[in-house]
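This is what each chain is made of:
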Amino acid sequence: MENTRDKLNEDADKMIEFGMEHEYLLTAFNDIFGKRIVNQGYVDGSFILATSVRGTYYSQLKGSRLQKLYAKGCVPSENVDIMIEYLTNIVGDPEELTKLEKEALVFWIFLPYLGLLKHGKRKDYLLLILQKVIKYSLSSRRRRVNLAVSHGVIYDKNKCVINIVSSIEEYAGEIFSLKENHTDNMMYYRGHSRLNYLLQPGIKRDRQWLENESIMYQELLVRCAQDFVHCQTHLDYLVEMQHYGLPTRLLDITENPLVALYFACCNNRNDLGEIIVLCTNPVNVKYAKSDTVALLSALPTLSYDEQENLYQMCINGILERDDEEYRKLAGKLAAEVKSRNPAFEPRIRKDDLLGHVFVIPVRNNQRIMKQEGSFIVCGLDGEYDEDYFLDSLRYRDDKDKKIIFVVEKKSKILEELDVLSINRASLFPEIDDVAEYISEKYRKVGKDRGEET
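Cut-off values and rules
Residues numbered from 1 in each chain as written. Predicted model: local features only at pLDDT ≥ 70, side-chain atom pairs only at ≥ 80, totals over all residues. Heavy atoms only, no water. Phe/Tyr/Trp six-rings, centres within 6.5 Å; stacked < 30°, edge-to-face > 60°. Helix = DSSP H or I, 4+ residues; strand = E, 2+ residues; numbered from the N terminus. Buried < 20%, exposed > 50% of the residue type's maximum accessible area, 1.4 Å probe, protein only. Salt bridge = Lys/Arg side-chain N within 4 Å of Asp/Glu carboxyl O. Patch = residues over 30% accessible without salt bridge, like charges linked within 9 Å, V, L, I, M, F, W, Y side chains within 5 Å. Areas by Shrake-Rupley, 256 points an atom, 1.4 Å probe, with all protein chains shown as cover. Lys, Arg positive; Asp, Glu negative; His and termini not counted. Charge placed at Lys NZ, Arg CZ, Asp CG, Glu CD. Axes fitted to C-alpha atoms, helices over the stretch in contact; angles between N-to-C directions. Parallel < 35°, antiparallel > 145°, perpendicular 65-115°, else oblique. Left-handed = near helix turned anticlockwise from the far one by under 90°. Contact = heavy atoms within 4.5 Å. Nonpolar A, V, L, I, M, F, W, Y, C, P; charged D, E, K, R; others polar. Pairing = 2+ DSSP bridges.

S.K.: When you look at the packing of aromatic side chains in this model, what are you seeing that I'm missing?
M.R.: We describe a pair of aromatic rings using the distance from one ring centre to the other and the angle between the two ring planes. By the definition in use, this model includes 14 aromatic pairs. With 5.1 Å between their ring centres and 55 degrees between their planes, Y57 and F107 make a pair best called tilted. Highlighted residues: Y57 in helix 4 (residues 57-60) and F107 in helix 6 (residues 99-109), separated in sequence by 50 residues. With respect to burial, Y57 and F107 carry one shared label: buried. Between F228 and Y237, the aromatic rings sit 5.9 Å apart at their centres with planes inclined by 65 degrees, giving edge-to-face as the arrangement. Considered together, F228 and Y237 belong to a single accessibility category, that of buried residues. Within the aromatic cluster, the residues linked to one another by ring pairs are F33, F47, Y57, Y70 and F107.

Here it is, written out as structure tokens:
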């Protein structure tokens, strides 16, 4: 066993040495695994570590030079020199790879170890390579990581604790324990159907969306004016826009952990899901009529350049009373808020614009009521990037480690939730969603009876 690990370590060294000369390889490992481990502390590695592997890259890579790696003439070998020779002769030294190409390249590196009997080698080889990738490529950004694997999740034991959720019973017990330890705090939940999804509002998921937030906001109001006649505040506008799918600076959360579990399971059934637990002091929870909520909700009325300028003014260290340019631009925002709320006092602190607040909306929307929904309204945070800027809101234990709830066995959990009336029909009470739930329910009944569909 020791000899095997020594060989894998030597192979990993050779692969990293090749990657240092051919940047595309290290970039692929960084983008698929390294950056997320460094920033978040965990990443879904199940597409490599799963015992049953679905190899479909050959057909997906049509038109890419990497397709030849998956051709019959390219036989993967446990001899790392042969693998490097393939990379040299087939891939060459491309300037840039697509996301799919990066994933396929990383997957290909482990093809010699994809048999069930070689699962241990595959895991050890992956961890060795990732330790070295982080050491050589990202060492200036953080301390050494201590990598481990649990159910296909690669995580840093110095930063995270992994809890696997495969039934409602065990999940409920864990959540109850967390709440007992934080009786003075408010807890909220959010479900992601894929473990690698980012904790960020829709407007942050695409640079073009963020840069055109004000334009999208105004265009929807103009094109669909009748749909907003009942809205009284900027928050009302954002909630309505979010409801119909426009990217906004709102992040949906819920007070009900079972609702979050449903959202972690309802899509991408074959992928690992996640429940994110958010913990905050009650003082940080605002109601819809809060002045801070009103300010942050009105930010989309400013252009992207105005938002960027306002952000820079908020972090320049100058007091509000001494910053004339800030008072001028903040005054424009205040006037917008006051147009909807005449009682608003136009004194805007810089810190208020940089924060992210929990808000309990007016529950005059059936979907929000059924889902026990709330929101995080996100403030200014500078230029678009892929930072995890809401990460500080996540629940941590007494050692400052994040508690990560990883969801598997989604179909089984959905059946358990259905018994408790947590399903599509109850959480999405619009008639089209209820009709789809009923049709799917009885199609499943027919299949269970062996009837043709």
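S.K.: How do you make sense of the pattern of salt bridges when you look at a structure like this?
M.R.: Between side chains of opposite charge, pairing is possible as soon as their charged atoms come close. Considering all chains together, one arrives at 24 salt bridges under this definition. Here K204 makes a salt bridge to D381, at a shortest N to O gap of 3.1 Å. Remark: D381 occurs in the loop between strand 10 (373-378) and strand 11 (402-407) and K204 occurs in the loop between strand 5 (186-192) and helix 9 (207-211); sequence separation between them is 177 residues. Note that R207 and E211 form a salt bridge whose closest N and O atoms lie 3.6 Å from each other. Of the two residues, R207 and E211 both sit in helix 9, 4 residues apart, roughly one turn of that helix. By relative accessible area, E211 is classed as partly exposed at 27%. The network of salt bridges with shared partners includes E274, D391, R394, R396, D400 and K402.

S.K.: Please explain a negative patch on the surface as it appears in this structure.
M.R.: Negative charge collects at one region of the surface, where E23, D93, E95 and E96 lie side by side. Within the secondary structure, D93 is located in the loop between helix 5 (80-91) and helix 6. Residue class for D93 comes out partly exposed when judged on its relative accessible area of 48%.

S.K.: Just checking my understanding: could you explain the packing of helix 13 (residues 291-298) against helix 15 (residues 324-340) for this structure?
M.R.: When two helices pack together, you describe them by how their axes are tilted relative to each other and by the distance separating the axes. Their axes nearest at 9 Å, the elements helix 13 and helix 15 cross at an angle of 110 degrees. Taken together, helix 13 and helix 15 sit at an angle that is classed as roughly perpendicular. Here the hand of the crossing between helix 13 and helix 15 comes out right-handed. Taken together, the residues of helix 15 that come into contact with helix 13 (itself represented by A294, L295 and A298) are L333, E336 and V337. Partitioning the contact of helix 13 with helix 15 into residue classes produces 5 nonpolar, no polar and 1 charged.

S.K.: Would you mind showing me how to read the sheet that holds strand 1 (residues 42-44) here?
M.R.: Where strands meet in a sheet, backbone hydrogen bonds hold them as pairs that are either parallel or antiparallel. Spatially, the 3 strands line up as an open sheet ordered 1-3-2, and their pairing is antiparallel. The open sheet has two free edges, formed respectively by strand 1 and strand 2 (147-150), since each of these has just one partner strand. The mean inter-strand angle of the sheet, taken between neighbouring strand axes irrespective of direction, is 20 degrees. Relative to strand 3 (residues 153-156), strand 1 runs antiparallel, the two being bridged by 3 bridges. By the bridge assignment for strand 3, D44 is matched with V153. Helix 2 (residues 23-40) contacts strand 1, strand 2 and strand 3 of the sheet and is inclined by roughly 145 degrees relative to strand 1. Packed onto the sheet, helix 7 (residues 119-137) meets strand 2 and strand 3 and runs at close to 145 degrees relative to strand 2.

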